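Here's the letter readout for the chains.
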Amino acid sequence: QVQLVESGGGLVQAGGSLRLSCVASGRTFRVAALGWFRQAPGKEREFVAAVSASGFSTYYADSVEGRFTISKDNARNTVYLQMNSLKPEDTAVYYCALDTALRIAVRSPTSYDYWGQGTQVTVSS
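Residues numbered from 1 in each chain as written. Predicted model: local features only at pLDDT ≥ 70, side-chain atom pairs only at ≥ 80, totals over all residues. Heavy atoms only, no water.

Caption draft 1: Structural detail: the packing of aromatic side chains. For the coordinates displayed, the defined rule picks out four aromatic pairs. Between phenylalanine 37 and tyrosine 112, the aromatic rings sit 5.3 Å apart at their centres with planes inclined by 80°, giving edge-to-face as the arrangement. Placement of the pair is phenylalanine 37 in strand 4 (residues 33-39) and tyrosine 112 in the loop between strand 9 (92-99) and strand 10 (114-115), with a sequence separation of 75 residues. With a centroid separation of 5.1 Å and 55° between ring planes, the pair formed by phenylalanine 37 and tryptophan 115 is classed as tilted. (Phe/Tyr/Trp six-rings, centres within 6.5 Å; stacked < 30°, edge-to-face > 60°. Helix = DSSP H or I, 4+ residues; strand = E, 2+ residues; numbered from the N terminus.)

See below:
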């Protein structure tokens, strides 16, 4: 069983930065792909970013490309999401997710086996 615990959310002004962290329990982290998703009130959960098991390949939603950076630290069982130039439309609950089967469709929530509880990010204008 894998547990994921996110942290680092909060309230920030537009243009500011936050770094989200997600720590995973268990031994599968090194061979797993990780993703970040977000869900705003009244909206479906949407893909934000993903990183391959090795950490060498990264994927981003068009809406965050160039502003967000995902990274994976296998020594610490932690995946990060550095968020810069935040906008009010980035406001959402952010979730990390872990894929043990290295599925190709990294942008689909159905590709992930385990999910964290979420951390709230609020960007004020």
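Caption draft 2: Geometry of the state of the cysteines. The full count for this structure, using the stated rule, is one disulfide. Note that cysteine 22 is cross-linked by a disulfide to cysteine 96, the S-S spacing being 1.9 Å. Here the S-S torsion is close to 40°, and the disulfide linking cysteine 22 with cysteine 96 is therefore right-handed. In this pair, cysteine 22 is assigned in strand 3 (residues 18-24) and cysteine 96 in strand 9, connecting sequence segments 74 residues apart. The pair formed by cysteine 22 and cysteine 96 is uniform in burial state, with each residue classed as buried. (Disulfide = S-S within 2.5 Å. Buried < 20%, exposed > 50% of the residue type's maximum accessible area, 1.4 Å probe, protein only.)

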